[in-house]
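What follows is each chain in one-letter form.
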Amino acid sequence: MASASSISSGLTDLLRALGHWLSSWWRIVHLGVQLLALALSPSRYSRAYRSALLRHIYLGTAPSLIWFTVLTTLLSLVVIRIVLVTSISYGLTQYALEMVVRVLVLELIPLTAALFAALRCTIPRATEVAALRAGSTWGAQQRAGADPMHMEVLPRVSAGVVCALLLAAISCAVTLVLAYLAVYGTTTAGFAAYTRTVGHIFSPAVAMVFGLKILGLALAVALLPVASVLIGPARPHAGTTAELQGLVRMFFVILLIEGASLVGNYY
């Protein structure tokens, strides 16, 4: 009897935890749809909102752009050199450029850009939102007839998306240029072969998966830290727990996106 009772209690706790997990994800999806509806409503783009949006995009992207470009340039140079030397030693020089593009541009750079944007932009913005909810600003805006979701949350989430997309786009472009210079040097004689190789890699299916991957990573790192703060209780000391939950959810979604990208590109 005791064994049956413990099993029943364990199943009850498991179902309760599963229901709480599904409920939290449903609230995150609902919040994302709500923010998307606000972003697609031109009538809500007041001067104050545009000013807040541009300010958050600048503060979230500009300080990170130079440092991340330098970081990815150094990383790309190291990886490109390793791949080239290894390919030459094994007599596989013809595959060196394709390997560099696949490893760096398709896989490492988008993931690194998303994580860097989360570290430098979206996680600090989530902390700001948690402080606003715990303080008096959130309620004061609601009492004044303003929508804090529109004026405070949406600009921060939009800035996170722009930051991740811009970092990924610029770093991929820089890596492609470095790959050409490492393989062919400063001459233009290899441009036709280079574009043919890159075009062969970025087939329509791979290009679509690549674009969806970058967009999915940008949305994940921009939305999940902020959403985890918003669906939690608005208490002064609840921010740390919500931020940790947001990190877990963010890494979980990133893992799913990476797995789906690998399946789409190579299977």
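Residues numbered from 1 in each chain as written. Predicted model: local features only at pLDDT ≥ 70, side-chain atom pairs only at ≥ 80, totals over all residues. Heavy atoms only, no water.

Colleague: Sorry if this is basic, but what is going on with the pattern of salt bridges here?
Modeller: Side chains that differ in charge, positive against negative, can pair when their charged atoms come close. Counted according to the given criterion, the structure contains 6 salt bridges. As a salt-bridge pair, Lys213 and Glu107 come within 3.1 Å of each other at their nearest N and O atoms. Of this pair, Lys213 sits in helix α7 (residues 204–230) while Glu107 sits in helix α3 (residues 96–134), and the two are 106 residues apart along the sequence. Assigned by exposure class, Lys213 and Glu107 land together as buried. Notably, a salt bridge pairs Glu128 with Arg156, separated by 2.9 Å at the nearest N-O pair. Within this pair, whereas Glu128 is found in helix α3, its partner Arg156 is found in helix α5 (residues 148–184), the two being separated by 28 residues in sequence. Overlapping salt bridges bring together Arg125, Glu128, Glu152 and Arg156 as one network. (Salt bridge = Lys/Arg side-chain N within 4 Å of Asp/Glu carboxyl O. Helix = DSSP H or I, 4+ residues; strand = E, 2+ residues; numbered from the N terminus. Buried < 20%, exposed > 50% of the residue type's maximum accessible area, 1.4 Å probe, protein only.)

Colleague: Is there a simple way to explain the packing of α5 against α7 in this structure?
Modeller: For any two helices packed against each other, one specifies the inter-axial angle together with the distance between the axes. Two elements in contact, α5 and α7, have axes separated by 9 Å at closest approach and are oriented at 150°. The two elements α5 and α7 meet at a crossing, and its hand is right-handed. On α7, the residues that touch Met149, Val153, Val157, Gly160, Val161, Ala164, Leu165, Ala168 and Cys172 of α5 are Phe210, Ile214, Leu215, Ala218, Leu219, Val221, Ala222, Leu223, Val226 and Leu230. Within the contact of α5 with α7, the residues separate by chemical class into 18 nonpolar, 1 polar and no charged. (Axes fitted to C-alpha atoms, helices over the stretch in contact; angles between N-to-C directions. Left-handed = near helix turned anticlockwise from the far one by under 90°. Contact = heavy atoms within 4.5 Å. Nonpolar A, V, L, I, M, F, W, Y, C, P; charged D, E, K, R; others polar.)

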